[in-house]
Amino acid sequence: MLAVHLVSFFFSKLQEDPTKKVDRFLHAMRLHDDQLVDISARFQAEMKKGLSAESSAAAAVKMLPTHVRSTPDGSEKGQFLALDLGGSKFKVLQVKVREGMGIRKGGVEMEEKVYPISKELLNGRAPELFDHVSESLKDFLHVKNIILEKKHPLAFTFSFPCEQTRLDKGLLLSWSKNCRARGLQGKDVVQALRDAIDRTGGMDIEVLAMVNDTVATMMTCGFDDQYCEVGVIIGTGTNACYMEELRHVDLVEGDEGRMCVNTEWGGFGDDGALNDFITEFDQDVDAASINPGKQIFEKMVSGLYLGELVRLVVLKMAKRGLLFDGCVSDALRTKGKITTAHVAAMEEYKTGLKNTRDILVELGLNPSEDDCIAVQHVSTIVSFRSSNLVAAGLAAILTRIKQNRHLRTLRITVGVDGTVYKTHPQYPKRLHKVVRRLLPECQVRFVLSDSGSSKGAALVTAVAQRLASRKQQVDDTLAPFRLNQEQLQLVKARMRVGLEAGLKSKGPSAVKMLPSYVYHTPDGTERGKYLALDLGGTNFRAMLVKFKKGLQNNTRLYHKIYTIPLEIMQGTGEELFDHLAQYVSDFLDYMGIKKAHLPAGFTFSFPCEQTAIDTGILVSWTKGFKATDCEGHDVVNMLREAIKRRNEYDLDIVALVNDTVGTMMSCAYEDPQCEVGLIAGTGSNVCYMEELKNIEKIGQKKGKTQEDKGPQDAVEDKQDDGMKGDKKEGDVEMSKMCINTEWGGLGDDGSLDDIITPFDVEVDQNSVNPGKQRFEKLTSGMYLGEIVRQVLLDLTRGGLLFRGRVTETLKTPGIFQTKYLSQIESDRLALLQVRSILQQLGLDSTCDDSIIVKEVCGVVSRRAAELCGAGMAAVVDKIRENRGLDHLNITVGVDGALYKLHPHFSGVLQETTRALAPQCNVTFLPSEEGSGKGAALITAVARQKQNC
């Protein structure tokens, strides 16, 4: 007896485990992680191909732009109708989106009715199908007592591949899922619906958006989870969508923000990309389908085909004698007899084997226990392959999002819908596990769509309405910054009036037009060593400049920069100039030339009334300086006195130079046609060579007797006498003088009030010199960042930015530096980096916020450049008319961080100048060494003329 039991035991061990033979039979369907990584990489390549304008037409993965530019933020509201057409039935819904409730501060209420569609309509003429849809819509309005005459916005979920050129326009690429209505392929689906609504009559319907069901799923889940930026359908069909960076979507204009892309990933493999993973069963399923060679990935994954794959495998195993002792029933030979619902039932945790037996018996088979185990295992392998392939595709999408945003880790939510995902007991767990295994660095959450795609379609419409409303409000806020040609012509004319008024000897002028007593630009023969001192802002620069004999453009320059503390900038004048003298002493020690008695030029970038080249009365401080007992005093003399107090060295200060004049001289050394200087940086100013005959303020003091004249008049008379003497020696050489316009004062008399915005007024009132330098406050780097901050503050208070949260940071004056404008407007700077800059400032922004911030920076900086261009047009046109020329060729020497570092400022400035001064050919030449070299050149030129 014992021997019999032992024989029986060993015989049972020799019997093959039924799952093992299935594993061997379906080894090609069992995908390992390295294969999934390979598939994921192939899908990434297909995505890139589909997004490119050059290759999209031939791409198997279509990557269709949806024109959905934002996921919900919870502030959406409104009442919408929705149609959901995706197969053998469709739904009509009324969707109410309420603001102020729910997880995302909003709530959605829906009422719906399902209407069947006959096979005849699905395979008949498209107009008849849409007439049925339209008539069902009208019936729904009657049933729900919705007023027909009132205009109703409608969202249309259409679950077939379409090429969308707008949110409310989509051309049908192909039918799928056994729908083949004739006459619609290649035509606008939305227009077909509108035409049907018109034919039905009696309704006022506005079709605002057409949405793929995958996109609608993402939007539905996005309403409850702000991290949801991917949607996946795993049901009768399969598809995925995600939020792509717009700069990568070639088929849509613009590069700011994101757009949802409908991948139509069911076509993956149509070009052979999956050939080495396709089994004989996949080939059989494809051959028997209504679209052979198409939707290969979908046929390996979706619910329309999983049951049929299982049937074909079981049939072949039975024919080979591996199941049912080789017996095959007629039902098993019949297509469609095993469904995806059967697959799900066979894999139930507790009842799976019983369900398998019942299904096989219904097919006319007499299965053994091993047969049931084997068939259940077939179902497991087929459905597991489906979840593995979906995981590989999702891994590709998530990897692309992570790479697009330059992130090491990614926190993201995937919205999911579809009967396979919802009804298969093991599918979700398998999918989640494999995705997380393929992307361990990503925090991926899966959210099941609770109310289908109809809610999502309504939310797409609600989001579109919100974005349109917000855009209009933002546009209205920024409208005053957008200057038209007529306004710029007026600014040019007012600048011209200011220039003329400033040259006169009598009458007030907001544009000071200060004589610089620089009569000559360099001729290239300058030589020797010169000291240049430059005070133009928070830094003081000391330089030693060497011009080599007979070698134009051969210059050596040595310099050292010193930072001036705020308490010195705003202390006493004596303390300020003592500090400057100390810096000069340090530099002379540094260069080992303390005992040398060098000629020096002093660049002083503040408005000064000069009576000679080496004197200058400070008119007013700008750029944050407020040192006392300086305004109304000769700054050259104050520096000389400070040097005397140190009693360590001696300097021969030959020339006082404005930084604008220094810039012009520096560039004139390179280009003899340079007769204009422009500073576009912390401050804003222009100088140019004016005809001496036009400068009334340095002419004779008419109406004054010798007794009337004061000490300053005596100095000016002496200068005039010297000028007259020079003119006798060379009338041509002495026919011009460089004028420092100090054009930043334009508007101090109210002449710019019609273009000044409330934001400019706020910036002016909070400045150290309210009511002064109005033009400079519209155009210079000192103020542009603060203007932007004021605009952002206003938009945030209006709920248009940063979710309406006004932070302490945003309320801090000066926190938004002008350098941020240059960084944010950089064409190479992705919006994610813009967001990073804002986060550094404590401003938690969305992608949409970043777009608006970039737009605000753009209009503020563009206006600044246009105003400078209008002013420059006035200057060059005046020079042309002074010389009686029909056409003028002239060069402008430029310095300043705004001009040099801002990505668009220089281009807009040049473009505006050309447009407003068409008879002038203006070349802009950036200064390489700045105004310091110019100060040394002025000193050299002055010394050279004195020695002649």
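1. Comments concerning the overall build of the protein chain
Regarding its fold elements, the protein chain presents 32 helices and 26 strands. Its C-alpha atoms give the protein chain a radius of gyration of 39 Å, more than 25% over the compact-globule value 30 Å for 948 residues. With the principal axes as the frame, the protein chain shows a C-alpha extent of 140 × 75 × 50 Å. Looking at the protein chain residue by residue over its 948 residues, the buried ones come to 57%. Considering only residue pairs separated by 6 or more positions, the protein chain has 72% of its internal contacts joining residues 24 or more positions apart. Accessible surface, the protein chain: about 39,900 Å² in total, of which carbon and sulfur atoms supply 49%.

2. Digging into the side chain of Lys777
By secondary structure assignment, the location of Lys777 is in helix H25 (residues 776-779). A polar atom in the side chain of Lys777 sits 2.6 Å from the side chain of Asp764.

3. What about the confidence of the model for the protein chain?
When pLDDT is averaged along the protein chain, the result is 86; 91% of the residues meet or exceed 70. Low pLDDT (under 50) marks residues 1-14, which in the prediction has 0 contacts with non-local residues, meaning those over four places away or in another chain. This model gives residues 101-105 a pLDDT under 50, and the stretch forms 15 contacts once residues within four places in sequence are excluded.

4. Describing the packing of aromatic side chains
The final tally for this structure, using the stated rule, is 24 aromatic pairs. Geometrically, the ring pair formed by Phe158 and Trp175 is edge-to-face, given 5.8 Å between the ring centres and 65 degrees between the ring planes. You can see Phe158 sitting in strand S5 (residues 152-158) and its partner Trp175 sitting in the loop between strand S7 (169-172) and helix H6 (189-200), a full 17 residues away along the chain. Exposure remark for Trp175: the relative accessible area of 12% places this residue in the buried category. Ring centres of Phe606 and Trp621 lie 4.9 Å apart, and the angle between their planes is 80 degrees; this geometry places the pair in the edge-to-face category. Highlighted residues: Phe606 in the loop between strand S18 (599-604) and strand S19 (608-612) and Trp621 in the loop between strand S20 (615-618) and helix H21 (635-646), separated in sequence by 15 residues. Here Phe606 and Trp621 have matching classes, each one buried.

5. Overview of the pattern of salt bridges
Per the counting criterion, the structure on display carries 58 salt bridges. For Lys594, the salt bridge is made with Asp589, and the minimal N-O distance between the two is 3.1 Å. A relative accessible area of 46% places Asp589 in the partly exposed class. A salt bridge links Arg863 to Asp760; the nearest nitrogen and oxygen atoms lie 2.8 Å apart.

6. Remarks on helix H16 (residues 427-438)
Spanning 12 residues, H16 covers 17 Å between terminal C-alpha atoms, matching the ideal 16 Å at 1.5 Å per step. Turning to H16, its buried residues number three or more, namely Tyr427, Pro428, Arg430, Leu431, His432, Val434, Val435 and Leu438. The secondary structure elements touched by the buried residues of H16 are helix H3 (33-51), strand S9 (228-234), helix H9 (296-301), helix H14 (369-404), helix H15 (419-423) and strand S13 (442-448).

7. Considering unusual backbone geometry
If you check the backbone angles, Met63 has positive phi at about 50 degrees while not being a glycine. Within the secondary structure, Met63 sits in the loop between H3 and strand S1 (64-65). Notably, Asp325 is not glycine yet its phi reads approximately 55 degrees, a positive angle. Along the chain, Asp325 falls in the loop between helix H10 (303-319) and helix H11 (330-333). Residue class for Asp325 comes out exposed when judged on its relative accessible area of 80%.

8. Topic: empty space enclosed by the protein
Enumeration over the complete set of coordinates arrives at 6 cavities of 30 Å³ or more. Put simply, the largest cavity is a space of about 90 Å³. In terms of lining, the largest cavity is formed by 14 residues, of which the most central are Ser605, Lys623, Asn685, Glu742 and Glu776. Of the residues belonging to the lining of the largest cavity, the class tally is 3 nonpolar, 7 polar and 4 charged. In this structure, the second largest cavity spans a volume of roughly 60 Å³. Every element with two or more residues in the lining of the second largest cavity is listed here: S1, strand S6 (162-166) and strand S8 (205-211). Split into classes, the residues belonging to the lining of the second largest cavity amount to 7 nonpolar, 4 polar and no charged.

9. Re the packing of H10 against H14
As a packed pair, H10 and H14 sit with axes 10 Å apart at the nearest point and diverge in direction by 140 degrees. Judged by the inter-axis angle, H10 sits oblique to H14. Here H10 and H14 pass one another in a crossing that is right-handed. Taking contact as the criterion, the partners of Leu306, Leu309, Val310, Val313, Val314 and Met317 in H10 are, on H14, Val375, Val378, Ser379, Val382, Arg385 and Ser386. Tallied by class, the residues present in the contact of H10 with H14 amount to 9 nonpolar, 2 polar and 1 charged.

10. Some details on the environment of Asp17
By secondary structure assignment, the location of Asp17 is in the loop between helix H1 (2-14) and helix H2 (18-25). When the C-alpha positions of Asp17 and Asp370 are compared, they lie 8.1 Å apart, and in sequence the two are 353 residues distant. A polar atom in the side chain of Asp17 sits 3.0 Å from the side chain of Thr19.

11. Re the sheet that holds strand S14 (residues 514-515)
Judged by pairing direction, the sheet is mixed, and its 6 strands sit side by side in the order S14-S24-S23-S22-S25-S26 without closing on themselves. Each having just a single partner strand, S14 and strand S26 (920-926) make up the two edges of the open sheet. Two strands pair when backbone bridges link them, and strand S22 (residues 674-680) and strand S25 (residues 888-895) are joined in this way by 5 bridges, in the parallel orientation. Paired with Val676 across the bridge in S25 is Val892. Relative to S22, helix H22 (residues 659-668) is tilted by about 130 degrees, and along the sheet it contacts S22, strand S23 (684-691), strand S24 (736-740), S25 and S26.

Rules used in this analysis
- Residues numbered from 1 in each chain as written.
- Predicted model: local features only at pLDDT ≥ 70, side-chain atom pairs only at ≥ 80, totals over all residues.
- Heavy atoms only, no water.
- Helix = DSSP H or I, 4+ residues; strand = E, 2+ residues; numbered from the N terminus.
- Rg over C-alpha atoms; globule rule 2.2 N^0.38 Å.
- Buried < 20%, exposed > 50% of the residue type's maximum accessible area, 1.4 Å probe, protein only.
- Contact = heavy atoms within 4.5 Å.
- Areas by Shrake-Rupley, 256 points an atom, 1.4 Å probe, with all protein chains shown as cover.
- Polar contact = N/O pair within 3.5 Å; in protein donor to acceptor, adjacent residues only side chain to side chain.
- pLDDT = per-residue confidence, 0-100.
- Phe/Tyr/Trp six-rings, centres within 6.5 Å; stacked < 30°, edge-to-face > 60°.
- Salt bridge = Lys/Arg side-chain N within 4 Å of Asp/Glu carboxyl O.
- Expected span 1.5 Å × (residues − 1).
- 1 Å grid on protein atoms, 1.4 Å probe; cavity = no way out; pocket = protein on both sides within 12 Å on 5 of 7 lines; lining within 4 Å.
- Points joined across faces, edges and corners; volume = space filled by probe spheres on them.
- Nonpolar A, V, L, I, M, F, W, Y, C, P; charged D, E, K, R; others polar.
- Axes fitted to C-alpha atoms, helices over the stretch in contact; angles between N-to-C directions.
- Parallel < 35°, antiparallel > 145°, perpendicular 65-115°, else oblique.
- Left-handed = near helix turned anticlockwise from the far one by under 90°.
- Pairing = 2+ DSSP bridges.

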